[in-house]
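Here are the chains, one letter per residue:
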Amino acid sequence: MLSHTDPVAAGFSPDRLSRIAAHLERSYIEPNKIAGCLPIVYRRGSLAYCEPLGLMDLARDKPMAEDTIFRIYSMTKPVTSVAALMLYEEGRFQLGDAVQRYIPEFRNLRVYRGGSWPRFLTDPVDRPMTIRDLFTHRSGLTYGFMNRSMVDHAYRKTGIEGANTAAGTTLKEMIETLAKIPLEFSPGERWNYSVSTDVLGYLVEVISGQSFDAFLRERIFEPLQMVDTGFTVDPSQVDRFAANYERGPKKELKLIDDPQDSSYAPPRTFFSGGGGLVSTGADYLRFCRMLQNGGELDGQRIIGSRTIELMTRNHLPNNEDLTRWALGSFSETANEGSGFGLGVSVNLGSERTGEIGSLGEYSWGGAASTVFWIDPKEDLIAIFLTQLMPSSTFNFRGQLKSLIYSSIVD
């Protein structure tokens with residue numbers, strides 16, 4: 001559970017921070033745009049704000065709580081990136097290594113030129129896909145839900161659905177299928193949100209010799225005491241598991257995953273490094289605090305501080321933003337003023353993003369409208385958890401940034 005809040009110790013005006021609840025209740029909960037949410041603000045070693053709002057389950061009239069369990073979807077990606085970078089620190093691979101060195105199925109990748117599934121016209125790749133390409137989404141892979149190309153159509157046809165991949169599938173089986181589908185572009189040419197991080201999760205399995213879920217549990221979750229984070233929800237946790245909704249055609253909330261009959265019930269065989277985890281506000285805050293604290297929390301060293309600096313640096317060429325490199329319009333961040341590191345977006349400065357924030361702030365979000373960001377300059381962590389799909393429905397992050405930064409008074 002989260003401890004008592006102290007906004008003054010964190011350098012905030014309590015009155016100004018209280019506008020968070022007022023805004024979310026007035027604009028989203030009362031008009032039934034979301035069922036409920038959990039906003040968290042942590043700064044300078046103090047929990048400044050944590051207030052469960054609304055309901056976690058409309059049908060059962062269950063109030064949102066501090067220990068509610070959420071589907072965090074793509075907020076899984078930074079966790080997977082940290083897992084892979086732990087192996088990088090052990091000298092097990094270099095970022096410039098070809099993926100095919102560890103995943104031989106990727107030896108003969110091709111690039112889409114024409115045709116439709118299953119008869120494609122293809123060209124050879126200009127260069128092999130590297131592990132850096134997986135971290136930075138410059139691999140040429142895509143997502144089936146993009147609905148933009150013949151390549152993502154092939155993903156849908158073959159059941160490559162990221163976190164929603166069919167039950168019974170394994171990461172290795174996904175890799176075998178993926179290797180037969182052409183890339184959207186030759187590695188390094190563009191940036192495209194994709195299953196790259198799922199491939200990175202499989203890479204962790206191959207290099208470590210452990211299943212991906214066991215690696216995360218033993219190397220990250222247990223040391224950080226992230227007791228409610230994993231790929232499944234046990235029967236003992238179901239009462240704390242939030243319902244998941246989507247915005248219906250009449251702008252109503254439509255239930256799409258009932259916690260009492262959810263696909264997250266164990267057992268599970270597909271461990272999606274790109275979007276498969278569930279977590280709580282307390283657990284994800286511990287993960288963020290570890291990052292903010294240079295890779296260590298409560299005496300447990302997870303990763304080195306210099307590796308976090310590498311992870312959270314813009315890896316796009318010439319320090320350019322996503323508007324120059326992104327192939328599609330969808331990701332979990334605005335393209336303008338956003339660079340991309342090893343699994344997180346990177347703020348390139350307010351004059352480029354056009355919003356309040358700090359140069360070097362890093363972040364990501366999830367498909368059910370969850371979001372987090374870490375601002376090293378302000379020593380600030382913000383987390384917002386709700387369950388509304390798709391994440392592009394409302395700009396929670398932008399609104400929360402306005403509310404939170406304007407509440408700093410020190």
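Each chain carries its own residue numbering, running from 1 in the direction its sequence is written. Totals for whole chains, interfaces and linings use every residue, but because this is a predicted model, local features are given only for residues with pLDDT of at least 70 and side-chain atom pairs only at 80 or more, for both listing and counting. Heavy atoms throughout the structure, all of them, feed into the side-chain values; hydrogens and water do not.

**Q** For this particular structure, what's the right way to read the overall build of the chain?
**A** Secondary structure elements are taken from DSSP: a helix is a run of H or I of four residues or more, a strand is a run of E of two residues or more, and numbering for both begins at the N terminus. For the chain, the helix and strand inventory stands at 13 helices and 18 strands. C-alpha atoms define the radius of gyration in this analysis, and the globule rule sets the expected value at 2.2 Å times the number of residues to the power 0.38. Computed over the C-alpha atoms, the radius of gyration of the chain is 20 Å, within 12% of the 22 Å expected from 2.2 N^0.38 for a compact globule of 410 residues. For the chain, the spread of C-alpha atoms along the principal axes amounts to about 60 × 45 × 40 Å. When a residue's accessible area, from a 1.4 Å probe over protein chains only, is under 20% of the maximum for its type it is buried; when over 50% it is exposed; and in between it is partly exposed. Within the chain, buried positions represent 60% of all 410 residues. For this analysis, residues touch if any pair of their heavy atoms sits within 4.5 Å. Long-range contacts, defined as pairs at least 24 residues apart, comprise 69% of the intrachain contacts of the chain with a sequence gap of at least 6.

**Q** How do you make sense of the pairing of strand β16 (residues 371–375) when you look at a structure like this?
**A** A regular strand places its side chains on the two faces of the sheet in alternate fashion. The element β16 is largely enclosed, with a buried count of five among its five residues. The alternating pattern of β16 places Val371, Trp373 and Asp375 and Phe372 and Ile374 on opposite faces, both of which are buried. In this scheme, strands are said to pair when DSSP sees at least two bridges between them. With antiparallel pairing between neighbouring strands as the criterion, strand β15 (residues 362–365) and β16 make up a hairpin whose turn holds five residues, including Ser369 at a positive phi of roughly 70°. Across five bridges, β16 lies against strand β17 (residues 380–385) in antiparallel orientation. The residue bridging Ile374 from the neighbouring strand is Ile381, located in β17.

**Q** Would you mind showing me how to read unusual backbone geometry here?
**A** Apart from glycine, the bulk of residues carry a negative phi angle, and the bulk of peptide bonds sit in the trans form. Following Trp117, the chain continues to Pro118 via a peptide bond in cis, the omega torsion being 5°. Checked against the element boundaries, Pro118 lands in the loop between β6 (110–116) and β7 (119–124). Cis geometry is adopted by the peptide bond preceding Pro267, which originates at Pro266 and carries an omega value of 0°. Here Pro267 shows up in the loop between β9 (253–257) and β10 (278–279). One non-glycine residue with positive phi stands out, namely Asp61, at about 55°. Look at Gln225: it is not a glycine, yet its phi comes out positive at around 55°. Looking at where Gln225 falls in the secondary structure, it is placed in the loop between α8 (212–221) and β8 (244–247). Residue class for Gln225 comes out partly exposed when judged on its relative accessible area of 49%.

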